[in-house]
Amino acid sequence: MDHQGSVVARVYTSDAKIPVQGATVIFTKIAEDGQRELLAVRLTNYDGYTDPFFVDAPPLAASQNYTPGSDAYSIINITAEDNNYGRILVRNAQIFPDTETVQEFMLVPSPMLPEQFGQTEVFIIPPQTL
């Protein structure tokens, strides 16, 4: 694939969207053999954002002239975690060419829910019907 899209994670806590600095964000994909493949690991900055991560994506024409069975976007999984908060996994994040995707994560402090420490909250993004 000659084209790329980028993805940035924004990690925060509470409805006030307080940034979580130093959270670990892991980008993975499922390889053709079914194994999980590590693509990148990023830490969030002072504002709770990661640096952009670039992902190979199908050409833009694939999403403008969609035909069933063709890929209009790339799919990755993104996990955000921090020692003081719960963990969130977003499955099937969609990356389009020449587009920056911003995936937001609202982490819940783990001291508030000690019985859930170490558990992962999973969100699955359904396929787009282009």
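Residues numbered from 1 in each chain as written. Predicted model: local features only at pLDDT ≥ 70, side-chain atom pairs only at ≥ 80, totals over all residues. Heavy atoms only, no water.

S.K.: Can you lay out unusual backbone geometry for me, pointing to particular residues and giving the numbers?
M.R.: Positive phi outside glycine occurs at Ser14, with the angle close to 70°. With relative accessibility at 29%, the residue Ser14 sits in the partly exposed group. Look at Asp98: it is not a glycine, yet its phi comes out positive at around 55°. By secondary structure assignment, the location of Asp98 is in the loop between β7 (87-95) and β8 (100-107). With a relative accessible area of 62%, Asp98 lands in the exposed category. (Buried < 20%, exposed > 50% of the residue type's maximum accessible area, 1.4 Å probe, protein only. Helix = DSSP H or I, 4+ residues; strand = E, 2+ residues; numbered from the N terminus.)

S.K.: Describe the pairing of strand β6 (residues 74-81), with residues and values.
M.R.: Counting buried positions along β6 yields six of eight residues, so the element is predominantly enclosed. Note: strand β3 (residues 24-30) against β6, five bridges, orientation antiparallel. Among the inter-strand pairings, Thr24 is bridged to a residue of β6, identified as Glu81. Here β6 pairs with β7 via six bridges, running antiparallel. When the bridges of β7 are listed, Ile75 appears paired with Gln94. (Pairing = 2+ DSSP bridges.)

S.K.: Explain the sheet that holds strand β9 (residues 120-124) to me, and be specific about the residues and the numbers.
M.R.: If you walk across this open sheet you meet the five strands as β4-β3-β6-β7-β9, and the pairing is mixed. The open sheet has two free edges, formed respectively by β4 (36-43) and β9, since each of these has just one partner strand. Taken over all neighbouring pairs, the strand axes of this sheet differ in orientation by 20° on average, direction set aside. Judged from the five bridges that link them, β7 and β9 form a sheet pairing that is parallel. (Axes fitted to C-alpha atoms, helices over the stretch in contact; angles between N-to-C directions.)

S.K.: Let's hear about the pattern of salt bridges: which residues, and what values?
M.R.: When charged atoms on two side chains of opposite charge get close, those side chains can pair. The full count for this structure, using the stated rule, is three salt bridges. The partner of Glu104 in a salt bridge is Arg10, and the shortest N-O contact between them spans 3.0 Å. You can see Glu104 sitting in strand β8 and its partner Arg10 sitting in strand β1 (residues 3-13), a full 94 residues away along the chain. Take Arg10: its relative accessible area is 16%, and that puts it in the buried class. As a salt-bridge pair, Lys17 and Glu104 come within 3.8 Å of each other at their nearest N and O atoms. Here Lys17 is found in the loop between β1 and β2 (18-19), whereas its partner Glu104 is found in strand β8, with 87 residues between them in sequence. Here Lys17 falls in the partly exposed class, since its relative accessible area comes to 36%. Salt bridges here are not isolated pairs; linked through shared partners, they connect Arg10, Lys17 and Glu104. (Salt bridge = Lys/Arg side-chain N within 4 Å of Asp/Glu carboxyl O.)

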